[in-house]
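Understanding the architecture of this molecule
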Amino acid sequence: NAGVMQNPRHLVRRRGQEARLRCSPMKGHSHVYWYRQLPEEGLKFMVYLQKENIIDESGMPKERFSAEFPKEGPSILRIQQVVRGDSAAYFCASSPPSPQETQYFGPGTRLLVL
Amino acid sequence: EDQVTQSPEALRLQEGESSSLNCSYTVSGLRGLFWYRQDPGKGPEFLFTLYSAGEEKEKERLKATLTKKESFLHITAPKPEDSATYLCAVQAPGANNLFFGTGTRLTVIP
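Residues numbered from 1 in each chain as written. Chains lettered and ligands numbered in written order. Predicted model: local features only at pLDDT ≥ 70, side-chain atom pairs only at ≥ 80, totals over all residues. Heavy atoms only, no water.

What about the packing of aromatic side chains?
The final tally for this structure, using the stated rule, is nine aromatic pairs over all chains. Relative to Y36 of chain B, the ring of F105 of chain A has its centre 5.3 Å away and its plane inclined at 90 degrees; by these criteria the two rings are edge-to-face. Of this pair, F105 of chain A sits in strand β10 (residues 104–105) while Y36 of chain B is found in strand β4 (residues 32–38), placing the two residues in two different chains. Like F105 of chain A, the residue Y36 of chain B is buried in the burial classification. Seen in terms of ring centroids, Y36 of chain B and F46 of chain B are 5.9 Å apart; in terms of plane orientation they differ by 70 degrees. Their pairing is edge-to-face. Of the two residues, Y36 of chain B is situated in strand β4 and F46 of chain B in strand β5 (residues 45–50); the sequence distance between them amounts to ten residues. (Phe/Tyr/Trp six-rings, centres within 6.5 Å; stacked < 30°, edge-to-face > 60°. Helix = DSSP H or I, 4+ residues; strand = E, 2+ residues; numbered from the N terminus. Buried < 20%, exposed > 50% of the residue type's maximum accessible area, 1.4 Å probe, protein only.)

A few points about the pattern of salt bridges
Residues and elements named next belong to chain B. Applying the stated criterion across every chain yields a total of seven salt bridges over all chains. Here D39 and R37 are joined by a salt bridge, their closest N and O atoms 3.1 Å apart. With respect to class, D39 is no different from R37; both count as buried. (Salt bridge = Lys/Arg side-chain N within 4 Å of Asp/Glu carboxyl O.)

Quick notes on the sheet that holds strand β7 (residues 62–66) of chain B
All names here are of chain B. Pairing is antiparallel in the open sheet, where five strands are placed in the order β1-β3-β8-β7-β6. Every interior strand has two partners, whereas the edge strands, β1 (3–7) and β6 (56–59), have only one. Sheet twist, expressed as the mean angle between neighbouring strand axes with direction ignored, is 15 degrees. For strand β3 (residues 19–26) and strand β8 (residues 70–75), the ladder comprises six bridges, and the chain directions are antiparallel. (Pairing = 2+ DSSP bridges. Axes fitted to C-alpha atoms, helices over the stretch in contact; angles between N-to-C directions.)

So, the sheet that holds strand β3 (residues 19–24) of chain A
All names here are of chain A. Taken together, four strands build an open sheet; the order of strands is β1-β3-β8-β7 and the sheet is antiparallel. The sheet is open, and its two borders are formed by β1 (5–7) and β7 (65–68), each paired with just one other strand. Neighbouring strand axes in the sheet, compared pairwise and without regard to direction, differ in orientation by 15 degrees on average. Strand direction decides the pairing type here: β1 and β3, joined by three bridges, are antiparallel. The partner of N7 across the bridge, within β3, is R22.

A look at the state of the cysteines
Per the counting criterion, the structure on display carries two disulfides over all chains. Covalent S-S linkage joins C23 of chain A and C92 of chain A, the inter-sulfur distance amounting to 1.8 Å. Here C23 of chain A and C92 of chain A share a disulfide; its torsion about the S-S bond, -50 degrees, makes the bridge left-handed. Separated by 69 residues along the polypeptide, C23 of chain A in strand β3 and C92 of chain A in strand β9 (residues 88–95) bring together distant segments of the chain. Accessibility assignment for this pair places C23 of chain A and C92 of chain A in one class, buried. Between the sulfur atoms of C23 of chain B and its disulfide partner C88 of chain B the distance amounts to 1.9 Å. Classification of the bridge connecting C23 of chain B and C88 of chain B rests on its S-S torsion, roughly -60 degrees, and on that basis the disulfide is left-handed. Of the two residues, C23 of chain B sits in strand β3 while C88 of chain B sits in strand β9 (residues 84–91), which places them 65 residues apart along the sequence. Per residue, the accessibility class of C23 of chain B equals that of C88 of chain B, and both read buried. (Disulfide = S-S within 2.5 Å.)

Shown next, in the form of structure tokens:
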């Protein structure tokens, strides 16, 4: 029973390029959450999605960041025109569709912007 | 505004030396309080969920407790493999996200 899968595990981009981070939830989970962990800071919520729907994007920066969770395939977090401040670890979590659900995290994608 | 404060920031223990980690929280109501363990370069690994004051949960050398203002993670007779960062998070009623503290970095010395 595979856990939450994320790829790539490491991603290097130059300023101005685009970064695409992928997340496949655990089997049976239909809710996906993205978090960002900056160096020496705690995990910060970005966005919560269900299949084909963005439910809560209150933690997403207003510009350059977008997320989707299509009917088929993984969830994608997309960062356009990356800047050095985007360098961080990005974690995806998934949960089953039940009350008080626990979120299970993937191994993360470490983005480095040169 | 939701707030989670973990203390101490870092803790060094000798193998077998029991101790407790603290998580103080301020949230409008509490849907759940979560403990995770995070090893360097990895994602948070779920440990416990606590829902109401007075609740306790145990797993091997770890025991988590909850009051109306704080949670403790007690570590009994720790081993070097317990070395990790322990994260506390809260979820408010109606909220989708977890609100995390900055963690306690535990080092257990053989």
